[in-house]
Amino acid sequence: MILDQDKINRIKKLLKARPKGLTISDISQTLKINRNSAAKYLEILLITGQVEMRLYGNAKVYYLSSRVPISAMLKFATELILVLDAERRITEVNDNFLRFFDLNQEDIVGTELKALQGADPFPILVDGLLGGLGEGRDLSRELSLNLKGERKYLRIKGIPTVFDDGSKGFTLIMEDITVSRGYEEKLRLNEARYRAIVQDQTEFITRFTPDFTLTFVNDALCQYMKRAPDELLGVNFVSFLYEEDRNRIASNISALTVDNQVFTHEERVIDPEGRV
């Protein structure tokens, strides 16, 4: 089939004006093009990633792809980005990736991804990527590696990519999550210290939601109530109080604000034997 660039441009222009999409018959009738020819041109545009197709019942509806040029994505993205062809050769790389790994563009563009395995810290990175890239499926994972004596964490997304010439490859988008991982680790340690402290307390310590549903109880309370933590979590805290005190205690707790953060009171509770 001899391609008519004018027909291709007319189809793309029509689809741009009809963002909800058109069927082959719609395009053929509107542009006065033979239906078989319209189908062939749409197939070419679909293969090259210039249009997208969705099925509605038996009808194929075509849309103009909303594509961002790779060069623009590489320039403005804050992530580390590698673009690979079908043979896993690096065809594009952004400055953030080069700065992160202290590399020069001419040293890696045109190089196969697996060729980087010989240089630290790439073995872990390359092994993690090559094992996850597959035809037609996304890659999503987190990796940790040592870089200049520091532990770094990357969240990696691999997206199957179709280039303008119809060939296929992958775009790898890597986010440096080292700082957030550090915060998470500090929170985990602080939570562990907090739990160790409250579990050693002889006082009863609880935590609950605004509707008084228990979300945490310490060991001292569990021993007093003679129940396991799982038996208390999810239970309404007010139900353990003496009935005549419930409204007063609930009102006191509900009155707590940023400016009024602490109050002290006495309350009657019902022990496991039913005694007040």
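## Comments concerning the packing of helix α1 (residues 5–17) against helix α3 (residues 35–47)
For the pair α1 and α3, interaxial distance at closest approach is 10 Å and the crossing angle is 75 degrees. Classified by the interaxial angle, the pair formed by α1 and α3 is roughly perpendicular. Facing K7, I8, I11, K12 and L15 of α1, the residues of α3 in contact are Y41, L42 and L45. Taken together, the residues that form the contact of α1 with α3 break down as 6 nonpolar, no polar and 2 charged.

## A look at the confidence of the model for the chain
Within the chain, residue pLDDT values average 82, and 87% of them lie at 70 or more. For the chain, helix α7 (residues 122–130) is the element with the lowest average pLDDT, namely 62, and helix α2 (residues 24–31) is the one with the highest, namely 92.

## Let's talk about α3
Since the α-helix packs 3.6 residues into each turn, any two residues three or four apart lie on the same face. With 13 residues, α3 ought to run about 18 Å at 1.5 Å a step, and its terminal C-alpha atoms sit 18 Å apart, in line with that. Every buried residue belonging to α3 is among A38, Y41, L42 and L45, and all of these are buried. In a view along the axis of α3, the buried residues occupy a sector of 100 degrees, so they form one face of it. Exposed residues pointing more than 90 degrees away from the buried face of α3 are listed as N36 and I47.

## Some words on the side chain of D271
Note on placement: D271 falls in the segment after α11 (246–254). Polar contacts involving the side chain of D271 include one to the main-chain amide nitrogen of E273, which spans 2.9 Å. Side chain to side chain, D271 and R275 meet in a polar contact 2.8 Å long.

## Side note on the side chain of N218
Its place among the elements puts N218 in the loop between β9 (214–217) and α9 (219–225). You can call N218 buried: its relative accessible area is 0%. Once residues lying within four places of it in the same chain are set aside, the contact partners of N218 are V198, Q199, Q201, E203, F204 and I205.

## Describing the pattern of salt bridges
A side chain of one charge can pair with a side chain of the opposite charge if their charged atoms are brought near each other. Scanning the model with the defined rule gives 15 salt bridges in all. Shared partners join several salt bridges into a network, and the residues in it are E142, R155, E175, R181 and E184.

## A short note on the environment of I173
Examined against the element boundaries, I173 turns out to sit in strand β7 (residues 168–176). A relative accessible area of 21% places I173 in the partly exposed class. Placed 96 residues apart in sequence, I173 and A77 show a C-alpha to C-alpha distance of 9.3 Å. When near neighbours in sequence (up to four residues on either side) are disregarded, I173 contacts E79, L80, I81, R155, I156, K157 and I159.

## Notes on the pairing of strand β2 (residues 59–64)
Pairing geometry for strand β1 (residues 51–56) and β2, over 6 bridges, is antiparallel. Residue pairing in the sheet places M53 in a bridge with Y62 of β2. Taken together, β1 and the strand that follows it, β2, pair antiparallel across an intervening segment of 2 residues, in which G57 is found at a positive phi of about 70 degrees.

## Overview of the pairing of strand β6 (residues 150–162)
Relative to β6, strand β5 (residues 139–147) is paired through 9 bridges, and the arrangement is antiparallel. Its bridge partner being in β6, L139 is matched across the sheet by G158. The antiparallel pairing of β5 with β6 creates a hairpin that spans 2 residues between the two strands, and K148 there sits at a positive phi of about 55 degrees. Pairing of β6 with β7, which is carried by 9 bridges, proceeds in the antiparallel orientation. When the bridges of β7 are listed, V162 appears paired with K168.

## Description of the nonpolar core
The biggest cluster of nonpolar side chains holds 20 residues, and the ones touching the most others in it are L80, L82, F97, F101, I108, L154 and M174. Looking at this core, the elements with two or more residues in it are β3 (80–85), β4 (90–93), α5 (95–101), β5, β6 and β7. Core analysis: the next-biggest nonpolar cluster, separate from the first, contains 15 residues, I8, I24, L31 and I33 among them.

Quick notes on the rules
- Residue numbers restart at each chain and count upward from 1, following the sequence in its written direction.
- Where totals are concerned, whole chains, interfaces and linings use all residues; where local detail is concerned, this predicted model gives features only for residues with pLDDT of at least 70, and gives and counts side-chain atom pairs only at 80 or more.
- Derived side-chain values reflect all non-hydrogen atoms in the structure, with water molecules and hydrogen atoms excluded from consideration.
- Geometry is summarised by axes, namely lines fitted to C-alpha atoms with helices restricted to the contacting stretch, and by angles between N-to-C directions that run from 0 to 180 degrees.
- In this text, helices come from DSSP runs of H or I with a minimum length of four residues, and strands from runs of E with a minimum of two, each type numbered from the N-terminal end.
- Roughly parallel means an angle under 35 degrees; roughly antiparallel, over 145; roughly perpendicular, 65 to 115; everything else is oblique.
- Residue contacts are counted whenever heavy atoms from the two residues lie within 4.5 Å of one another.
- We call Asp, Glu, Lys and Arg charged. Ala, Val, Leu, Ile, Met, Phe, Trp, Tyr, Cys and Pro are nonpolar, and the rest, Gly among them, are polar.
- A residue's pLDDT is the confidence the predictor assigns to it, expressed on a 0 to 100 scale.
- Working rule for helices: expected span equals 1.5 Å times residues minus one.
- For every residue, the accessible area obtained with a 1.4 Å probe (protein chains only) is divided by the maximum for its type, and the residue is called buried under 20%, exposed over 50%, and partly exposed between those limits.
- The arc in question is formed by the directions pointing from the helix axis toward the C-beta atoms.
- The definition of a polar contact used here is a pair of N or O atoms within 3.5 Å, where within protein one atom must be able to donate a hydrogen and the other to accept one, and adjacent residues in sequence count solely through side-chain atom pairs.
- Just to be clear on terms, a salt bridge is a Lys or Arg side-chain nitrogen sitting within 4 Å of an Asp or Glu carboxyl oxygen.
- When DSSP finds at least two bridges between two strands, those strands are taken to pair.
- Only buried Ala, Val, Leu, Ile, Met, Phe, Trp, Tyr and Cys residues count toward a nonpolar core, and they belong to the same one when joined by side-chain atoms within 4.5 Å.

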